[in-house]
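Examination of the molecular architecture
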Amino acid sequence: MATFKTNDNVEIYYEVHGEGRPLFMLPGWTCTTKFWKHNVEELSKTCKVICMDMRGHGESEKVLHSHRISRYAMDVKNLLDHLDVEDVTVLGWSMGASILWSYIELFGNHRISGLVCVDQSPAQYTGPDWVWGQKGCYDMEMFIRTCYDIKYDPRGAAEGLVSACLHHTPTPEDATFIADEISKCPPYVRIEIMRDHTNLDWRDFIPQIKLPTLVCVARNSNVFDWHGSAWVGENIEGAQTVFFEDSGHMLFWEEPEKFNKTVGEFVQNH
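Owing to the predicted nature of the structure, the values given are computational and were not obtained by experimental measurement.

1. Looking at the overall build of the protein
- Regarding its fold elements, the protein presents 10 helices and 8 strands.
- In summary, the protein has a C-alpha radius of gyration of 17 Å against a globular reference of 18 Å for 270 residues, a match within 12%.
- With respect to the principal axes defined by its C-alpha atoms, the protein has extents near 45 × 40 × 35 Å.
- When burial is assessed residue by residue, the protein has 55% of its 270 residues classed as buried.
- Considering only intrachain contacts with a sequence separation of at least 6, the fraction spanning at least 24 residues in the protein is 75%.
- Within the structure as shown, the protein displays about 10900 Å² of accessible surface, and the carbon and sulfur contribution to it stands at 51%.
- Averaging the locations of the 24 positively and 39 negatively charged side chains of the protein gives two centres separated by 3 Å.

Spelled out as C-alpha cells, the structure:
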C-alpha cells in the first residue's frame, strides 16, 4: 500500500503482499487493484504479489496526459525497477495483457521470467482477416459510440461494463463495488487509453514472445469470442492454455479457486 513516481513524475499506487517468487498482476481497462480481491490473499500464501493501479486509474494520480499502451508499459518497468525484483511472472487481464505485450516488445524479458495472459484477443477490431475482435467495440463507429456513452453517462457506462464482464448476474453489492472502482477513472482517461488500445493489432508480435506462458480463456466471455483469446496460446511456442467453462471476462472473479490454483502452480513450476 504505497506509491512511487514514474520517470515522467506521475504518482502510481501499488501494493505488495506475501513472500516468495514475485507475481505482478495488472488489471484491465478502467479497473483497479481491488478487482483482485478474490485472488491476492490466496496467491500471496506462496508468491510475492505485486499489484498496480495504472495512471489515471484507481488510487493513482489522475493525470490527463500520456494515456497510451506503450507509456503504461513503461510505468510497469518503472515499478519493477523501483522494487528491484527479478524473475517476475507478469500477469495481465484484458488490456493489461496488451500492456505486457508492449512491455516485452519494448524491453524484452527485462526482470521477467513468465507471462500470464487472461482473456485478451490480439486484435480488438474485426475485419476480413479477423472475426474474433471485441464484441462491444469492434470498429471505429462503435468506438465513437463508446466514447459518447462514457462522456455523457460515465456512471451508466461503468455499470454496463459490469454486466459485460460477468457471465452470472452479480449481487447488488458486487455490482456497486465494481462500478465504483471503474468510476475512479475519469471519462477523459477512459476514452484516451481506449483510443490507443483498440487500434493496436498484436498478431505479428505475439509469435515472437519467448517466455513460458499461461493463457486463461473464458469460454462465456461477453467481451471476446473465446477463439480470439485462445489464439494467443496457439501462437506462443510452448504456451499452456486453460479454459474456464463457467466464467465471463472476469474469470478470476467467477472461478477464483481454479484461477488461483492454476496461476499459483504456473508461478512455482515454470
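2. Some words on the pattern of salt bridges
- For the coordinates displayed, the defined rule picks out 21 salt bridges.
- A salt bridge links aspartate 8 to arginine 71; its shortest N-O distance comes to 3.7 Å. You can see aspartate 8 sitting in the loop between β1 (2-5) and β2 (11-17) and its partner arginine 71 sitting in helix α2 (residues 69-83), a full 63 residues away along the chain.
- Given a relative accessible area of 25%, aspartate 8 falls into the partly exposed group.
- Residue classification places arginine 71 among the buried residues on the basis of a relative accessible area of 14%.
- Here arginine 111 ties to aspartate 81 by a salt bridge, and the two come within 2.6 Å at their closest N and O atoms. With arginine 111 in the loop between α3 (95-107) and β6 (112-118) and aspartate 81 in helix α2, this pair connects stretches of sequence that are 30 residues apart.
- Residue class for arginine 111 comes out buried when judged on its relative accessible area of 14%.

3. Observations regarding helix α4 (residues 140-152)
- Over its 13 residues, α4 runs 19 Å from end to end, which matches the ideal 18 Å to within 8%, given 1.5 Å per residue.
- Buried within α4 we find Met142, Phe143, Thr146, Cys147 and Ile150. The buried residues of α4 occupy one face: seen down the axis, they fall within an arc of 145°. Among the exposed residues of α4, those pointing more than 90 degrees away from its buried face are Ile144, Tyr148, Lys151 and Tyr152.
- For α4, the secondary structure elements touched by its buried residues are α5 (154-165) and α7 (187-197).
- Backbone nitrogen of glutamate 141 and a side-chain oxygen of the N-cap are separated by 3.3 Å at the start of α4; the cap is aspartate 139.

4. Focus on helix α8 (residues 226-234)
- Taken as a whole, α8 has its buried residues at Gly228, Ser229, Ala230, Trp231, Val232 and Gly233.
- At its buried positions, α8 is contacted by α3, β6, β7 (213-218) and β8 (240-244).

Parameters and conventions
Residues numbered from 1 in each chain as written. Predicted model: local features only at pLDDT ≥ 70, side-chain atom pairs only at ≥ 80, totals over all residues. Heavy atoms only, no water. Helix = DSSP H or I, 4+ residues; strand = E, 2+ residues; numbered from the N terminus. Rg over C-alpha atoms; globule rule 2.2 N^0.38 Å. Buried < 20%, exposed > 50% of the residue type's maximum accessible area, 1.4 Å probe, protein only. Contact = heavy atoms within 4.5 Å. Areas by Shrake-Rupley, 256 points an atom, 1.4 Å probe, with all protein chains shown as cover. Lys, Arg positive; Asp, Glu negative; His and termini not counted. Charge placed at Lys NZ, Arg CZ, Asp CG, Glu CD. Salt bridge = Lys/Arg side-chain N within 4 Å of Asp/Glu carboxyl O. Expected span 1.5 Å × (residues − 1). Arc of directions from axis to C-beta. Polar contact = N/O pair within 3.5 Å; in protein donor to acceptor, adjacent residues only side chain to side chain.

Treat this as a map of the structure, not an account of what it does.
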